[in-house]
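Residues per chain, in single letters:
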Amino acid sequence: MARASWVLGTTSVASTALAVWLYLDNRALRAELTSHAAAAPAAVQPAAPAAQPASPWAPRTALPIVHTAGPAPALPEPTPESETQSRMERRARRTDELAAMFGRLDGESDADYRARILPMITAGLMVPRMRVDEQRKLAQDKAHVTPEQSAKLDQAFDKVYGDVLDYANKAVADGQVSPYERNVSGWLEFAGGLGGILHDANAQIGKILDPAQVRAMSDAGFEWGEYLGAKAPWEQLAPPPPRR
């Protein structure tokens with residue numbers, strides 16, 4: 001039960017934000033590597049030696065003096081302090097980028113915010129939703145879940161989704177979950193509340209499926225928390241308040 005609770009908290013609301021976060025982090029690292037490569041001195045090719053005269057009686061010409069390049073200047077080794085500062089600066093930049101992406105822009109209405117954000121959320125959840133749909137179908141087949149039982153599960157989940165949206169909207173409105181700052185304790189508290197909602201959902205599932213069916217779906221590798229987290233209608237979340 002505890003494992004499923006954390007799955008819901010970490011694979012639902014945070015899934016899209018985490019994907020964007022990792023994308024921005026990788027983009028920053030690639031830019032840093034590119035800048036280091038551009039700063040590295042180009043290798044100096046030694047000049048080819050002059051050809052020797054064909055005849056020993058021909059007048060000899062002075063051979064050009066070839067100046068070989070010395071060792072390339074080495075960049076100073078980064079100190080632990082500079083590496084820590086660089087990571088902190090990248091983290092601060094990513095926070096600003098996420099705030100600009102998921103926060104309210106100046107003068108942006110609710111409708112404008114949804115028009116900007118919803119395509120991103122829908123695209124980010126498309127593959128996870130297809131995957132959990134297929135996983136549920138396979139697990140239900142192994143557990144011999146009837147079509148009537150499956151329909152009752154969907155009806156029970158409508159109530160679960162409503163509770164999740166109400167809870168998430170309140171957390172965003174109160175600033176517990178905010179696109180403008182890193183609030184780790186707020187996210188953990190939010191995930192714990194989602195775990196309580198999932199606990200109630202599991203109780204409803206236990207009233208529809210018998211224990212053998214529940215165990216068979218679990219043994220097949222299916223997680224109800226992962227399913228509900230991906231299938232929840234996150235597109236219906238209320239926009240966050242403007243930055244204070």
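All figures in this text were calculated on a predicted structure; none of them were measured in a lab.

Focus on a nonpolar patch on the surface
Next, step 1: Side chains of M126, V127 and M130 sit close together on the surface and give an oily, nonpolar patch of about 320 Å² of accessible area.
Next, step 2: Secondary-structure assignment places M130 in helix α4 (residues 110-143).
Next, step 3: Relative accessible area serves as the criterion here: at 56%, M130 is assigned to the exposed category.

Quick word on unusual backbone geometry
Next, step 1: The phi dihedral of H144 falls on the positive side, at around 60°, and the residue is not glycine.
Next, step 2: Secondary-structure assignment places H144 in the loop between α4 and α5 (147-173).

Let's talk about the nonpolar core
Next, step 1: Among the nonpolar cores identified, the biggest contains 37 residues, and F157, L209, M217, W224, Y227, L228 and W234 are the most heavily contacted of them.
Next, step 2: Mapped onto this core, the elements with two or more residues apiece are α3 (80-102), α4, α5, α6 (184-208) and α8 (224-231).
Next, step 3: Setting aside anything within four residues of it in sequence, one finds M217 in contact with R136, A139, Q140, A143, V145, L209, F222 and W224.

Description of the packing of aromatic side chains
Pairs of aromatic rings are described using the distance from one ring centre to the other and the angle between the two planes.
Next, step 1: Under the counting rule described, the total for this entry stands at eight aromatic pairs.
Next, step 2: Measuring from ring centre to ring centre gives 6.1 Å for F157 and Y227, while their planes differ by 50°; the resulting arrangement is tilted. A residue pair is termed long-range when its members are at least 10 positions apart, and F157 in helix α5 and Y227 in helix α8 qualify at 70 residues. The two residues F157 and Y227 agree in class, both being buried.
Next, step 3: Connected via pairs of aromatic rings, a cluster forms that spans F157, Y161, F222, W224 and Y227.

Section: the packing of α5 against α6
Next, step 1: It is the contact of α5 with α6, at a shortest axis distance of 10 Å, that shows an interaxial angle of 165°. Of the possible angle classes, the one that applies to α5 and α6 is roughly antiparallel. Crossing hand, α5 versus α6: right-handed. Between α5 and α6, the residues in contact are Q149, K152, L153, A156, F157, V160, D163, V164, Y167, A168 and A171 and E189, F190, G193, L194, I197, A201, Q204, I205 and I208, respectively.
Next, step 2: When the residues that make up the contact of α5 with α6 are grouped by side-chain class, the tally is 14 nonpolar, three polar and three charged.

Conventions we followed
- Residues numbered from 1 in each chain as written.
- Predicted model: local features only at pLDDT ≥ 70, side-chain atom pairs only at ≥ 80, totals over all residues.
- Heavy atoms only, no water.
- Patch = residues over 30% accessible without salt bridge, like charges linked within 9 Å, V, L, I, M, F, W, Y side chains within 5 Å.
- Areas by Shrake-Rupley, 256 points an atom, 1.4 Å probe, with all protein chains shown as cover.
- Salt bridge = Lys/Arg side-chain N within 4 Å of Asp/Glu carboxyl O.
- Helix = DSSP H or I, 4+ residues; strand = E, 2+ residues; numbered from the N terminus.
- Buried < 20%, exposed > 50% of the residue type's maximum accessible area, 1.4 Å probe, protein only.
- Core = buried A, V, L, I, M, F, W, Y, C linked by side-chain atoms within 4.5 Å.
- Contact = heavy atoms within 4.5 Å.
- Phe/Tyr/Trp six-rings, centres within 6.5 Å; stacked < 30°, edge-to-face > 60°.
- Axes fitted to C-alpha atoms, helices over the stretch in contact; angles between N-to-C directions.
- Parallel < 35°, antiparallel > 145°, perpendicular 65-115°, else oblique.
- Left-handed = near helix turned anticlockwise from the far one by under 90°.
- Nonpolar A, V, L, I, M, F, W, Y, C, P; charged D, E, K, R; others polar.

Everything listed is a geometric property; what it means functionally is a separate question.
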